[in-house]
Amino acid sequence: MKKIFATIIKEWILMRRDVGGLMLLFLMPALLIVVMALVQDAPFKDYQELRFELLLADNDHGSLAEEITSGLKQSKNFKVIDSLDGKPLTDAKLQELLADGQYRVGIVIPKGATAEVVNAANHIANSIAGKLGMAAFPTRDIRDTSYVRMYFDPVSKPTFRMSISFALDKYVTYSCSNILVKRLSRMGKMDVDTSETADFKKIFQGIGIHEEQLGNRFASAKLINSVQHNVPAWAIFGMFFIVIPIAGHMIRERDERSTMRIELIPQAYRFVAMGKIIFFTLVCTLQFIFMFCIGLWFIPLVGLPALYLGAHPFTVLLVGIGIAYAATAYGYFVGAMFKTANQAMPFGAISTVILSAIGGIWVPADVLSPMMQKISFISPLRWGIDAINALILRNGDINDIWLHIIILLSFGTVLWFISIYKNARRYSSGQ
Amino acid sequence: MSYAIEIKELKKFYKGAWAPALDGLSLSIQKNTSVGLLGPNGAGKSTCINILCGLVSPDSGTAKVFGRDCTTDKIYIRSQIGVVPQQIALFSNLTAWENFRYIGRLYGLDENTINKRAQNLLDRLGLDKHADKRVGRYSGGMKRRANIIASLLHEPEMVILDEPTAGVDVQSRTLILDFLKEYKQQGHTILYTSHYMEEAEQICDEVVIVDEGKFVISGSPRELVANTVDCKKLEDVFLHYTGHSLRD
């Protein structure tokens, strides 16, 4: 125990003397999480919280157009722009503005769109009236050119297009239903409120789709946002960058032969290795705590929501220790496997980037292809971020993440043993 | 007769090397003597030392230190020997004191013992005024002396020195040699490698010349000079047995 403690003290003295390195170890990942949270704020808000400017050219001026316009205007997601400089938007102007990239989405309601819907409703009403022996409404042939047109900025993502399309479809459906019910009620002279203000949304409010909580546990759970994803994700990424100082440190000690000195002291090597692992795991855990503190208290100062730690914040810390151990052991492994800093540094940095990319740090692993999702499980970062997500997004507890912690600890321990074996072999092979 | 070191038919071939590092080396060194292990570059001196302290395993043959096998009794052997490696095996960003405290702790020594022993060695090797400076800022001679102190903190029975005076000035070399003479007089065994023949003549009771991984000859410096034709000093003997060809 004294040998381990002596090693921790020695490592602390060495780290304290490298103030620049110490600052970089904490400040660079902190800067990274703030920048990434800010940069990815908009893409994460996407279709949840963002308010898009939507161009609308109404050539119809009928009830269909009215339904769509009022629906869009009531929505929190859209700011409807139907005129510019006091002039109503035209089809051509709308397309021009979208082509310039000034707006993301535009809707054109063609002339006669309402009439087309009325005609379609009449057709339906007539088919019912025919069976009941009632008088028919006047109709004409169905035209297929009066549909509502949507235009998108070419850089818009498919999911964005799809969500706008779904929203619009809903308003068109409401409008059609309204008109159809009016036709039917007029046909049967039924006592249905067919006034222009009749709200079929209210009538059908018990039917359809409504999002519900999964249970009490999720009552306070956070919807994923930029902070909830980026703070833990880039904190883990930053923690794994400890690979570089650890590997560099090990190679330097090997080059200056102080490792050989340790090797010559009876039974010291394993305690020194343990001391190093404990020390760097502590440093890495402090990094984790520091970065989560940034998420809790600094991130709100730059206009983003504060990080939510879930129902079991101390379990988050437990995961942090597991990740710190895995990251430290990985650094130890890289330092043991490579002979020179020129070999270890690029490998350490690039492999961390690769492990983070496949591990769901850059984008949530759920959006990766099925094959990449399977591959992602080899990355300790995947296990780390999954465990954190289970705690801070799903309000999970230790039962949800114990397997993740065991895998992180096993990953670290296996690498550590390989490193000790490699170091022992290094001398006997004369390297 | 009790031997500090007994080596029999030791062979070692490093992967990728073009010649064996040790090719059946045999030698023995008595306790409480100082022996110079001399040989040109690539003769196998460092490999021999690395096997003795258990850092390298031989391909065949046996190596014993104080009667214990070097491959199986590493822990005991390492507690009985102090190795002064050719390179400065210290933490350059720590001060000498910090290095000694750390190394002493790893040997399981308590704070008082470390302080007492380190202070004594610092005084004797002229580093007491510089002990609070970082080793990386030391001159070559100071680093060599600090390297010796770190190897002697646990008061080993035998000290193995691999070229301890390489690249140091005359003053430091004289101080190191005087220290080693004094250390020998205290009854310790010394195994010493060097390219400086006059050093070996000064401090060694016996020298062993090795070349190409094999034993060549051994004896006291005086005997070797006297028994070798046309040799007036140990360097002549060395060249007589190892030749003038370069060992690049």
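In this text the structure is predicted, and so the values were computed from the model without any measurement.

Caption draft 1: The overall build of chain B, seen in detail. Helix and strand counts for chain B stand at 9 helices and 10 strands. What you see for chain B is a C-alpha radius of gyration of 18 Å, in line with the 18 Å of a compact globule of 248 residues. Taken along its principal axes, the extent of the C-alpha atoms in chain B is 50 × 40 × 40 Å. A burial count over chain B gives 47% of its 248 residues as buried. Long-range pairs, those at least 24 residues apart, make up 67% of the contacts in chain B between residues at least 6 apart in sequence.

Caption draft 2: Structural view of the sheet that holds strand β6 (residues 149-152) of chain A. All names here are of chain A. Ordered in space as β2-β1-β5-β6, the 4 strands form an open sheet in which the pairing is mixed. The sheet is open, and its two borders are formed by β2 (78-81) and β6, each paired with just one other strand. For this sheet, the mean angle separating the axes of adjacent strands, direction not counted, is 25°. In this structure, strand β5 (residues 105-109) lies alongside β6, joined through 4 bridges in antiparallel fashion.

Caption draft 3: Structural detail: helix α5 (residues 140-152) of chain B. In a regular helix each residue adds 1.5 Å, so 13 residues correspond to 18 Å; α5 of chain B covers 19 Å between its end C-alpha atoms and thus fits that length. With 12 of 13 residues buried, α5 of chain B is to be regarded as a mostly interior element. Every buried residue of α5 of chain B is accounted for by G141, M142, K143, R144, R145, A146, N147, I148, I149, A150, S151 and L152 of chain B. Looking at the buried side of α5 of chain B, the elements it contacts are α11 (258-264) of chain A together with β6 (81-84), α3 (96-106), α4 (111-124), β7 (158-162) and α6 (170-185) of chain B.

Caption draft 4: Spotlight on the interface of chain B and chain A. Contact residues are listed per partner, giving 26 residues for chain B and 24 residues for chain A. Listing elements by their share of the side of chain B that touches chain A, those giving two or more residues are α2 (74-80) and α3 of chain B. At 5 residues, α3 of chain B tops the list of elements feeding residues into the side of chain B that touches chain A. Here the side of chain B that touches chain A is built from residues that sort into 17 nonpolar, 5 polar and 4 charged.

Caption draft 5: Local environment of the nonpolar core. Counting 149 residues, the largest nonpolar core has F240 and I242 of chain A together with I149 and I160 of chain B as its most contacted members. Every residue in contact with F240 of chain A, bar those within four places of it in the chain, is listed here: A327, Y330, T352, L355, S356 and L381 of chain A.

Caption draft 6: Molecular detail of the pairing of strand β8 (residues 189-193) of chain B. Residue and element names in this part refer to chain B. Buried residues dominate β8, accounting for 5 of its 5 residues. Here β8 shows a buried face lined by T189, L191 and T193 and a second buried face lined by I190 and Y192. In this structure, strand β3 (residues 34-38) lies alongside β8, joined through 4 bridges in parallel fashion. Residue pairing across strands places S34 opposite I190, the latter belonging to β8. Bridge analysis of β7 against β8 gives 5 bridges, and the strand direction is parallel. The residue bridging V159 from the neighbouring strand is I190, located in β8. After leaving β7, the chain enters α6 and then returns to the sheet as β8, a path that is right-handed.

Caption draft 7: Main features of the confidence of the model for chain A. Looking at chain A as a whole, the pLDDT averages 82, with 87% of positions reaching at least 70. Within chain A, the lowest mean pLDDT, 60, falls on helix α8 (residues 200-203) of chain A, and the highest, 92, falls on helix α13 (residues 313-337) of chain A.

Caption draft 8: The packing of helix α9 (residues 226-240) of chain A against α13 of chain A, seen in detail. Across the interface, α9 of chain A lies against α13 of chain A with an axial gap of 9 Å and an inter-helix angle of 35°. Counting all contacts with α9 of chain A, which are made through I236, M239 and F240 of chain A, the residues of α13 of chain A involved are I323, A324, A327 and Y330 of chain A.

Caption draft 9: The arrangement of α6 of chain B in detail. All names here are of chain B. With 16 residues, α6 should reach 22 Å at 1.5 Å per residue; the first-to-last C-alpha distance of 22 Å fits that figure. Those residues of α6 hidden inside the fold are in contact with α4, α5, β8 and α7 (197-203). Phi for G187, located one or two positions after α6, is positive at around 90°.

Caption draft 10: Up close: the sheet that holds β8 of chain B. Residue and element names in this part refer to chain B. Strand order in the open sheet formed by 6 strands is β6-β7-β8-β3-β9-β10, and the pairing between neighbours is mixed. Among the strands making up the open sheet, the edge pair consists of β6 and β10 (214-219). The average angle at which neighbouring strand axes cross in this sheet is 15°, direction not considered. Here β3 runs beside strand β9 (residues 206-211); their pairing, made up of 4 bridges, is parallel. Across the sheet, the residue bridging to L37 is V208, located in β9.

Caption draft 11: Quick look at the domain arrangement of chain A. Annotation of chain A at the domain level lists domain 1 (2-40 + 229-428) and domain 2 (50-215). When each unit is reduced to the centre of its C-alpha atoms, the spacing between domain 1 of chain A and domain 2 of chain A is 53 Å.

About the thresholds
Residues numbered from 1 in each chain as written. Chains lettered and ligands numbered in written order. Predicted model: local features only at pLDDT ≥ 70, side-chain atom pairs only at ≥ 80, totals over all residues. Helix = DSSP H or I, 4+ residues; strand = E, 2+ residues; numbered from the N terminus. Rg over C-alpha atoms; globule rule 2.2 N^0.38 Å. Buried ≥ 20, exposed ≤ 12 C-beta atoms within 10 Å, placed from the backbone. Contact = placed C-beta atoms within 7 Å. Pairing = 2+ DSSP bridges. Axes fitted to C-alpha atoms, helices over the stretch in contact; angles between N-to-C directions. Expected span 1.5 Å × (residues − 1). Nonpolar A, V, L, I, M, F, W, Y, C, P; charged D, E, K, R; others polar. Core = buried A, V, L, I, M, F, W, Y, C linked by C-beta atoms within 7 Å. Right-handed = clockwise from strand over helix to strand, strands pointing away. pLDDT = per-residue confidence, 0-100. Domains from an automatic or database assignment.

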